[in-house]
Amino acid sequence: MDNFIDLQSDLYFMREALRLATKAFEKEEVPVGAVIVRQGKIIARASNQVEMLRDATAHAEMLAITQAEAAAGDWRLNDCDLYVTKEPCAMCAGALVHVRMRRVIFGCADPRAGAAGGVLNVVQFPSLNHRCEITSGVLQEECASLLQAFFQARRRDSVPDA
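Okay, so let's go over this structure.

Procedures and definitions
Residues numbered from 1 in each chain as written. Predicted model: local features only at pLDDT ≥ 70, side-chain atom pairs only at ≥ 80, totals over all residues. Heavy atoms only, no water. Buried < 20%, exposed > 50% of the residue type's maximum accessible area, 1.4 Å probe, protein only. Helix = DSSP H or I, 4+ residues; strand = E, 2+ residues; numbered from the N terminus. Pairing = 2+ DSSP bridges.

**Considerations on the pairing of strand β1 (residues 33-38)**
- Burial analysis of β1 places five of its six residues in the buried class, the great majority of the element.
- Across six bridges, the pairing between β1 and strand β2 (residues 41-47) is antiparallel. Along β2, the bridge assignment pairs Arg 38 with Lys 41.
- Connecting β1 to the antiparallel partner β2 that follows it, the hairpin turn spans two residues, and Gln 39 within it adopts a positive phi of roughly 50°.
- Sheet topology places β1 next to strand β3 (residues 80-86); five bridges connect them, and they run antiparallel. Counterpart to Ala 34 in the pairing with β3 is Val 84.

So this is what it looks like as structure tokens:
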């Protein structure tokens, strides 16, 4: 197996995740998008749907994992790569380890709850049965800007009129 990282492919797939995150923004969901790639092809794509589904587990990564498992015909995704616009949380990072995701590529770090090298590093935790490769900072500014714009709008909308 070749461990060569193709930055052009990383940029291409992260742009697709960003497109999904933008759609989430438009639906008033936290703008996170995720795609899962196997053998150079997208087999799953999702964005956050927590509010729409009223389900705290409906993160983009979790929804994409479920789709990818169906596409692969197996719960093991050890030949797959996840592209996600924001560093996965502990829940998502745990799921990524369980499905044996090969690589986790994310746009911007989550300094409060990141679990792929930020606050925690669940995806490379030594005593777990699998560790994912991590690539961070792919289209970092674009990913961070979208999240910042979303939360600025949320704060602005929640301030009562004086």
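**Observations regarding helix α4 (residues 90-98)**
- Among all positions of α4, only Cys 92, Ala 93, Gly 94, Ala 95, Leu 96 and Val 97 are buried.
- Remark: Arg 100 follows α4 within two positions and exhibits a positive phi of approximately 65°.

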